Amino acid sequence: MKRALTSIIFFAILIGIWQFAASSGKFSQVMFPPPSNVAEYLWQAITDGTLGSATLVTVKRLLIGYLAGLILGIPLGLFTAKFKVFQDTVGVLALGMQALPSVCWVPLALGWFGQTEAAMLFVVVMGTLWSVIIATSDGVRSMPPIYLRAAKTMGSSGLHSWVRVILPASLPYLVGGMKQGWAFAWRSLMAAEIFVTILTGFGLGQLLHYGRELHAMDQVMAVMIVLIVIGLLADKLLFAPWERFLHRRWGTGTLK
Amino acid sequence: MSIEHELKNVAPERIEVDRISKSFTTKHHVVSALDSISLKISEGEFVCLVGPSGCGKSTLLNIIAGLEQPDSGSVLANGEPVDAPGRDRMVMFQEHALFPWLDVMGNVMFGLKLKPGLNDRERLEVAEYYLHLVGLEKFHHSNIHELSGGMKQRVALARALAPNPRVLLMDEPFAALDALTREQLYGDIQKIWEARRKTIIFVTHNVREAACLGDRVILFSPNPGRIRKEFAVTLPRPRDINSVELAHYSTEITAALKGFTAGVGREASE
Ligand SMILES: Nc1ncnc2c1ncn2[C@@H]1O[C@H](COP(=O)(O)OP(=O)(O)O)[C@@H](O)[C@H]1O
Ligand SMILES: [Mg+2]
């Protein structure tokens, strides 16, 4: 309770300073709008539906691309850990690709897919995939072999041991990798949306871009706030439950 | 299948180890972990394998479990050759090997869920029965990391017992525990053995523990791993680890152990 109060006071002061500085007349109201203008824009964008539909477009792209990245990345990561062929091919590729900032996929995506949804998805998948592959394979390789031996004596083999032993045993690493993949996907999607105007959907990144074109910094700032909120919500909804589970079961305080 | 049927004692198994050899090749040399070991263990017998570390006890247990293959020789369980793990032979490892992503009940249910012929409600009842047997009926939903070392081994024991195996293979299950906890477990394991009638092969490097638990104590020596001597322990049960009669046996066994390990040292220096 006391800590929540500390945070609230901190942010209230921050917004107060911002309001004061912006309305002091020293800066252009267009380039450095006060929080009240930002709030006004937010309210208007919420009520006329702009913000809602842009958020929907962005979140949909993100979730679809991210899920695709997981569905591809987790099995590839498992294979990479278990089969030398995959380790020497996919594993090496993933290490290399992970070193590449995921924004760098944007020009290629545009070249290959043009101004389409596919380009957006491609960028998100590329942002997610490699770190998920690496985290999964690291997780599997660091699993104590005794788990598999114990499972074997109880009659577990094949698919059962993959799903019921190897995967859950690697969970602490997996969640770490999924979080990292999410962060990369989120960043690269924003880059793509800011760079690319797509007729099939107008996302938050595009809203940000047009804010700049129109010199409407209140719009830019409002969208940034929405982006922060989405990031925080994702953490709470997607990852916090897993982390609580890990914390409870493994008894670990902090995760990798 | 009914739960009464499932919980009924199954006939313990006879294990025959016939001229098993196994060596490991490391970077620099070849280690002969087991050198033509033969051993007959009859139905329901409690046999302890004793020897200094590195004499192939774990390797032998793993081969009997079907987790490893011998270079030559064979293992027969009730006359059937063993070449893979089977639900008739369950293993308890020194490191409890419990799954941290499952709670206590989940761990005991793991093997049961893989056993056909039972529905989920029956499985749950079976698991409850064994958790009660090892004295953990109040800890169904505890997480593994919350348990003490002794409790973890009790869960591991319940997990190994749950599929109702005919043989229990135990690899130094109490080695990492403190003396007091161990003593409790000596009593419990003897009671459970009486109640559930299993063949037990128990590996340890603790001579007293072996004399306390085993009908027979089999001594191994390393490099290459061989059986050197056998002792039959005829004391009545339940046995107390601190009894004078037991001390008698353990002195005798320790002397034998020292005799041939000293011998090995001499051979090596010659
Ligand atoms: N997987 C392995 N690779 C190489 N050497 C091994 C392996 N497993 C066991 N050994 C060697 O075989 C010998 C017997 O090991 P082990 O059966 O574990 O002995 P014990 O259980 O009696 O201590 C030891 O010298 C050990 O180093
Ligand atoms: Mg051993």
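To be clear, the structure that these remarks concern was listed above.
Being a predicted model, the structure only gives us computed values, none of them experimental.

**Q** Hey, could you run me through the site of ligand 1 in this one?
**A** Residue and element names in this part refer to chain B. Taken together, Phe24, Thr26, Val31, Ala33, Ser53, Gly54, Cys55, Gly56, Lys57, Ser58 and Thr59 make up the full set of residues near ligand 1. Interatomic distance of 2.7 Å between a backbone N/O atom of glycine 54 and an oxygen atom of ligand 1. Here an oxygen atom of ligand 1 sits 3.2 Å away from a polar atom, N or O, in the main chain of cysteine 55. Within the residue set of the shell around ligand 1, elements represented by two or more residues are strand S2 (30–41) and helix H2 (57–65). Counting residues per element, the shell around ligand 1 draws most heavily on H2, at three residues. Grouping the constituent residues of the shell around ligand 1 by class yields four nonpolar, six polar and one charged.

**Q** What is the right way to read the sheet that holds strand S5 (residues 80–81) of chain B from this model?
**A** Residue and element names in this part refer to chain B. Strands sit in the order S2-S1-S4-S5 across an open sheet of four strands; the sheet is antiparallel. A strand with exactly one partner marks an edge of an open sheet, and here the two such strands are S2 and S5. Examined bridge by bridge, strand S4 (residues 72–77) and S5 share two bridges and lie antiparallel to one another. Across the sheet, residue alanine 77 finds its bridge partner in S5, namely glutamate 80.

**Q** Explanation requested: the interface of chain A and chain B in the structure shown.
**A** When the parts of a complex come together, some accessible area is lost, and that lost area is often taken as the interface size. Facing the 21 residues of chain A at the interface are 24 residues of chain B. Interface area for chain A against chain B, summed over the two sides, is near 2000 Å², with a carbon-plus-sulfur share of 68%. The largest per-residue losses of area from chain A upon contact with chain B belong to Thr153, Met154 and Arg249 of chain A, which jointly make up 37% of the total buried on that side. The interface formed by chain A and chain B holds one salt bridge in total. As a salt-bridge pair, glutamate 68 of chain B and arginine 149 of chain A come within 3.6 Å of each other at their nearest N and O atoms. A total of seven residues in the side of chain A that touches chain B trace back to one element, the largest contributor, which is helix H7 (residues 145–153) of chain A.

**Q** Would you mind showing me how to read the pairing of strand S10 (residues 226–232) of chain B here?
**A** Taken residue by residue, a regular strand's side chains alternate between the two faces of the sheet. Residue and element names in this part refer to chain B. In the sheet, strand S9 (residues 216–221) pairs with S10 via six bridges, with the strands oriented antiparallel. Bridge pairing in S10 places leucine 219 opposite lysine 229. The hairpin formed by S9 and S10 contains four residues between the paired strands, and asparagine 223 there has a positive phi angle of roughly 50°.

**Q** Explain the pattern of salt bridges here, please?
**A** Pairs can form between side chains of opposite charge once their charged atoms are near each other. Counted under the stated rule, the structure contains 20 salt bridges over all chains. Across the pair aspartate 235 of chain A and lysine 179 of chain A runs a salt bridge whose closest N-O atoms are separated by 3.5 Å. With aspartate 235 of chain A in helix H11 (residues 217–250) and lysine 179 of chain A in helix H9 (residues 171–195), this pair connects stretches of sequence that are 56 residues apart. Take aspartate 235 of chain A: its relative accessible area is 28%, and that puts it in the partly exposed class. Lysine 179 of chain A sits in the partly exposed class, given a relative accessible area of 30%. Across the pair arginine 19 of chain B and aspartate 18 of chain B runs a salt bridge, and its minimum N-O distance is 3.2 Å. Beyond isolated ion pairs, a larger network of salt bridges with shared partners links Arg61, Glu117 and Glu193 of chain A.

**Q** Explain the sheet that holds S10 of chain B to me, please; I cannot follow it from the model alone.
**A** By definition, the strands of a sheet pair up through backbone hydrogen bonds, in either a parallel or an antiparallel sense. All names here are of chain B. Spatially, S6-S7-S8-S3-S9-S10 is the arrangement adopted by the six strands of the open sheet, whose pairing is mixed. With partners counted over all chains shown, the strands left at the sheet margins are strand S6 (89–92) and S10, one partner each. When the angles between neighbouring strand axes are averaged without regard to direction, this sheet yields 20°.

The rules behind each value
- Residues numbered from 1 in each chain as written.
- Chains lettered and ligands numbered in written order.
- Predicted model: local features only at pLDDT ≥ 70, side-chain atom pairs only at ≥ 80, totals over all residues.
- Heavy atoms only, no water.
- Near = heavy atom within 4 Å.
- Polar contact = N/O pair within 3.5 Å; in protein donor to acceptor, adjacent residues only side chain to side chain.
- Helix = DSSP H or I, 4+ residues; strand = E, 2+ residues; numbered from the N terminus.
- Nonpolar A, V, L, I, M, F, W, Y, C, P; charged D, E, K, R; others polar.
- Pairing = 2+ DSSP bridges.
- Contact = heavy atoms within 4.5 Å.
- Buried area = accessible area lost by both parts, 1.4 Å probe.
- Salt bridge = Lys/Arg side-chain N within 4 Å of Asp/Glu carboxyl O.
- Buried < 20%, exposed > 50% of the residue type's maximum accessible area, 1.4 Å probe, protein only.
- Axes fitted to C-alpha atoms, helices over the stretch in contact; angles between N-to-C directions.

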